[in-house]
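# Structural overview
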Amino acid sequence: MKTLSILLTTVAGLLAGTVESAEPEPASPPRPVPKPNFVLFFVDNLGNGDLHCFNPAMPHRTPNVDRLAAEGTKFTSFYVASGVCTPSRAALLTGCYPRRVDLHVSDSNSAVLQPLARKGLHPDEETIADVLQRAGYATGIFGKWHLGDQPPFLPLRQGFQEFWGLPYSDDMTKDKRPAEWPELPLMRGDNVIEAPPDRDYLVQRTTAEVIGFLERNQSRPFFAYIPHMMPGSTPHPFSSAAFRGKSANGDYGDSVEELDWSTGEIMAALKRLGLDDRTLVVWTSDNGAVRRNPPQGSGAPYCGQGYETSEAGMRMPCVMRWPGRIPAGQVQDELCSTMDLLPTFVNLAGASLPARPIDGRDIRPILFGEPGAKSHWDEMGFGYYRLEQLQAVRAGSWKLYLPLPNKFTALNRKAEPAKLELFDVRHDVSETREISGEHPDVVRRLTGLAERIRAEIGDMDQPGTGQRGAGWVDNPKPLVR
Ligand SMILES: [Ca+2]
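Given the structure is predicted, the values throughout are model-derived calculations rather than measurements.

## As for the overall build of the protein chain
- Of the regular secondary structure elements, the protein chain holds 11 helices and 21 strands.
- Here the C-alpha atoms of the protein chain give a radius of gyration of 24 Å, agreeing with the 23 Å that 2.2 N^0.38 yields for 481 residues.
- Each of the three principal axes of the protein chain carries a C-alpha extent, and together these read 80 × 60 × 50 Å.
- Residue pairs in contact within the protein chain that sit at least 24 positions apart in sequence constitute 69% of those at least 6 positions apart.

## Quick word on the side chain of R89
- Residue placement: R89 occurs in helix α3 (residues 85–94).
- Engagement of the side chain of R89 in a polar contact is seen with the backbone oxygen of K144, the distance being 3.2 Å.
- Discounting chain neighbours no more than four positions away, the residues touching R89 are F42, V43, D44, K144, W145, H146, L147, Y225, P227 and D286.

## Observations regarding the layout of surface pockets
- If you add up the space inside the largest pocket, you get close to 460 Å³.
- Surrounding the largest pocket, 24 residues form its lining, V84, V112, S233, Y307 and L411 being those nearest its centre.
- Tallied by class, residues from the lining of the largest pocket come to nine nonpolar, nine polar and six charged.

## Thoughts on the coordination of the calcium ion
- The protein atoms donating to the calcium ion are D44 (OD), N45 (OD1), C85 (SG), D286 (OD), D286 (OD) and N287 (OD1), with metal-donor distances spanning 2.2 to 2.8 Å.
- In this structure, the calcium ion is coordinated by six donor atoms arranged in irregular fashion, with angles at the metal of 50 to 147°.
- We classify D44 as buried; its relative accessible area is 0%.
- Residue classification places N287 among the buried residues on the basis of a relative accessible area of 0%.

## What about empty space enclosed by the protein?
- Evaluation of the coordinates by the stated rule reveals four cavities of 30 Å³ or more.
- By volume, the largest cavity is sized at about 90 Å³.
- If you trace the largest cavity, you find 13 residues lining it, with S82, P87, Y385, R386 and L387 closest to the centre.
- In terms of residue class, the lining of the largest cavity is built from nine nonpolar, three polar and one charged.

## As for the pairing of strand β17 (residues 415–418)
- The sheet contact formed by strand β16 (residues 404–408) and β17 spans three bridges and is antiparallel. Of the residues in β17, the one forming a bridge with F408 is A415.
- The turn linking β16 back onto β17 is made up of six residues, and R413 within it adopts a positive phi angle of 70°.

## Quick look at the sheet that holds strand β18 (residues 421–424)
- Pairing within the open sheet is antiparallel, and its four strands lie in the order β13-β14-β15-β18. The outermost strands of the open sheet, each flanked by one partner alone, are β13 (382–386) and β18. With strand direction ignored, the average angle separating the axes of adjacent strands in the sheet is 20°.
- Bridging between strand β14 (residues 389–395) and strand β15 (residues 398–401) involves four bridges; their strand directions are antiparallel. Paired with A392 across the bridge in β15 is Y401.

## A word on the environment of N48
- Within the secondary structure layout, N48 lies in the loop between β1 (37–43) and α2 (63–71).
- Under the relative-accessibility criterion, N48 is labelled buried at 2%.
- Separated by 257 residues in sequence, N48 and Q305 have C-alpha atoms that sit 10.0 Å apart.
- Among all residues touching N48, those that are not within four sequence positions of it are F54, S298, G299, A300, P301, Y302, R315, M316 and P317.
- Here the side chain of N48 touches A300 through a polar contact of 2.9 Å, landing on its backbone oxygen.

## Describing the pattern of salt bridges
- Enumeration according to the criterion identifies 32 salt bridges in this entry.
- Residues D286 and R89 are paired through a salt bridge, measuring 2.9 Å at the closest nitrogen-oxygen approach. A residue pair is termed long-range when its members are at least 10 positions apart, and D286 in the loop between β9 (279–285) and α7 (311–314) and R89 in helix α3 qualify at 197 residues.
- E438 is the salt-bridge partner of R433, the closest N and O atoms lying 3.0 Å from each other.
- Overall, the relative accessible area of 48% leaves E438 in the partly exposed class.
- By sharing partners, the salt bridges in this structure join E311, R315, D333, K399 and R426 into a single network.

## Section: the nonpolar core
- Ranked by internal contacts, the top residues of the largest apolar core, which has 81 residues, are F223, L280 and M320.
- The element best represented in this core is helix α11 (residues 440–457), accounting for seven residues.
- Leaving out residues up to four positions away in the same chain, M320 has contacts with G72, T73, F75, F78, L280, V281, V282, I326, L341 and L367.
- Listed in part, the 52 residues of the second largest apolar core include A69, M230, I266 and A269.

Rules of the game
Residues numbered from 1 in each chain as written. Predicted model: local features only at pLDDT ≥ 70, side-chain atom pairs only at ≥ 80, totals over all residues. Heavy atoms only, no water. Helix = DSSP H or I, 4+ residues; strand = E, 2+ residues; numbered from the N terminus. Rg over C-alpha atoms; globule rule 2.2 N^0.38 Å. Contact = heavy atoms within 4.5 Å. Polar contact = N/O pair within 3.5 Å; in protein donor to acceptor, adjacent residues only side chain to side chain. 1 Å grid on protein atoms, 1.4 Å probe; cavity = no way out; pocket = protein on both sides within 12 Å on 5 of 7 lines; lining within 4 Å. Points joined across faces, edges and corners; volume = space filled by probe spheres on them. Nonpolar A, V, L, I, M, F, W, Y, C, P; charged D, E, K, R; others polar. Donors = N, O, S within 2.8 Å, 3.2 Å for Na, K, Ca; no water. Tetrahedral: all angles 85-135°; square planar, octahedral: opposite > 155°, others 65-115°. Buried < 20%, exposed > 50% of the residue type's maximum accessible area, 1.4 Å probe, protein only. Pairing = 2+ DSSP bridges. Axes fitted to C-alpha atoms, helices over the stretch in contact; angles between N-to-C directions. Salt bridge = Lys/Arg side-chain N within 4 Å of Asp/Glu carboxyl O. Core = buried A, V, L, I, M, F, W, Y, C linked by side-chain atoms within 4.5 Å.

The values reported here are purely geometric and, on their own, carry no functional implication.
If you want it as structure tokens, here you go:
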């Protein structure tokens, strides 16, 4: 009876609507935008100059990433939160400075976690996978984890429903420390399935695993995190037989060309499944290309190399594609960071932010190219850390290198005095003109921002008020005997 009466009322309302056509139509509420899928490529040790779309002079070829850039937006002031693997990955997944979650240094005070580290990302930290899984997403990681290899720290404890890949870097092999380290473990879920795997085929197999995940989850929203293991940390990056010797840039170029192939295969799978227009694809790297002699990767046009707080170390090539939402063929130079992805994905997915403070902010207006969209980092300052040391800060166009009596110039904490320097890294991207003398007001403002970051996140021996602890275990055990 109740149903009938509602129906009658509705019919009456509709009839009334047709007669009163002179009345303006009530504004219909905005149609809810369907939740996008997220596909996040996070390759290892690849510099800004290593993609043709960011550096046409690079001899190896990247047509598939170039196509993503043509169909999406290139981000030219996109930063990772550290120049090395573990802290950079911690920041990406938690939206926090590495030092906030205590992964800026390892258990042995070195730059990255090594096999059997006692430390890992605290299981209580909420990752992108945690927040998206709670919002109904399927979550999978395919590639390199590197946030702790002990059972409480593995990906399935951090919001991922599926894991295929390595718990740490592919160069952490038994031969380096035969008495302590196990054979390189390839894992599915919590289990080691091979040790050691043939590293030539890691990119190919990762690609197949990703495509299987997309096919299995095509009818629900998903988050595919693809931290490819290449080009990685060895002087001779690996690639499969189909790519070996095919590039004009040696082993390094071969491996980048295979990463590009992988991108093309995954995009083709999204198209085949009819998902590519409802998928936000992000393609970037965990830190800049490292120094090799002769040189391999490139940070062009920036100064420096991977592992540092230089622009080449932390300013990454980044492409984002989402047809109809992210403008095609555009270049976006607002300052963004991997730390912004978590809160941005949260809002796109209708998910909830982590309970504890994070450093990134929702950058949807920047992604969508809205006129006048500004970076929150311009107000807060973006801090460049190396190990436990705050070395520089950027806001707007300006990058201030802090005056430091003992600036770490290497990962082993070799240090030397460094003077204050100011560069306009938006217009002078190669940092050719030091201009602190011309802009004392800018120096003062950025110095103040550095003090705020230092107070909250910490610096050297000074703890920050916002720091939280990492996870620890007492008796780490090898994943394979
Ligand atoms: Ca790395």
